[in-house]
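A closer look at the structure
Below are the chains, spelled out letter by letter.
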Amino acid sequence: LRFPQKLWKMLESSRFQSIWWSEGGKCVAISKDLFEEEVLGRAGPQRLFDTQKMKSFMRQLNVYGFTKTKRDDQRSASLPEFLAEEAAVSAHSQILYYYNPCFNRAHPWLVEMCMRR
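These notes cover the structure that comes with them. As the structure is a computational prediction, the values presented were derived from the model and not from experiment.

To continue, consider the nonpolar core. One finds Leu 7, Ile 19, Ile 30, Phe 35, Phe 57 and Phe 103 to be the most contacted residues of the largest nonpolar core, which totals 26 residues. For this core, the secondary-structure elements that each account for two or more residues are α1 (3-12), β1 (19-21), β2 (27-31), α2 (32-40), α3 (54-63) and β4 (95-99). Setting aside anything within four residues of it in sequence, one finds Phe 35 in contact with Met 10, Ser 18, Ile 19, Ile 30, Leu 40, Phe 49, Met 54 and Phe 57.

Spelled out as structure tokens, the structure:
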């Protein structure tokens, strides 16, 4: 399988806790530390990608047209809610979000259009 198809299968599988579709299914969310352990740390026949380094995996995402993006930054107007949201954001600072217009959960046929640059 090509990289985009492998990524799609991972997202659709319930075996992985470190990678998932963002709300709305338009972005890939990756828990960096857990992904390094759960996916990139595999060896031998269990290995899913040709790399064991997060930097190389992120480079592969870029090669296939994924761009790093931020999560939805809408904030509450009230101070207590704002502070609670800020605490939640800092707790999730190791979550990376990647977007590709041809990689959308609602449109699986578009994954074939994810080509190497």
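That covers the picture; the talk isn't over yet.
By secondary structure assignment, the location of Ser 18 is in the loop between α1 and β1. Here the side chain of Ser 18 touches Glu 38 through a polar contact of 2.4 Å, side chain to side chain. If we skip the residues at most four places from it in the chain, Ser 18 touches Ala 29, Ile 30, Ser 31, Leu 34, Phe 35, Glu 38 and Val 39.

Moving on: the packing of aromatic side chains. The full count for this structure, using the stated rule, is nine aromatic pairs. Note on Trp 8 and Trp 21: the rings are 4.9 Å apart at their centroids and 75 degrees apart in plane angle, and the pair reads as edge-to-face. Of the two residues, Trp 8 is situated in helix α1 and Trp 21 in strand β1; the sequence distance between them amounts to 13 residues. Given the relative accessible area of 13%, Trp 8 is considered buried. Note on Trp 21: relative accessible area 8%, which makes it buried. Following the ring pairs from residue to residue traces out a cluster consisting of Phe 3, Phe 35, Phe 49, Phe 57 and Tyr 64.

Definitions and cut-offs
Residues numbered from 1 in each chain as written. Predicted model: local features only at pLDDT ≥ 70, side-chain atom pairs only at ≥ 80, totals over all residues. Heavy atoms only, no water. Core = buried A, V, L, I, M, F, W, Y, C linked by side-chain atoms within 4.5 Å. Buried < 20%, exposed > 50% of the residue type's maximum accessible area, 1.4 Å probe, protein only. Helix = DSSP H or I, 4+ residues; strand = E, 2+ residues; numbered from the N terminus. Contact = heavy atoms within 4.5 Å. Polar contact = N/O pair within 3.5 Å; in protein donor to acceptor, adjacent residues only side chain to side chain. Phe/Tyr/Trp six-rings, centres within 6.5 Å; stacked < 30°, edge-to-face > 60°.

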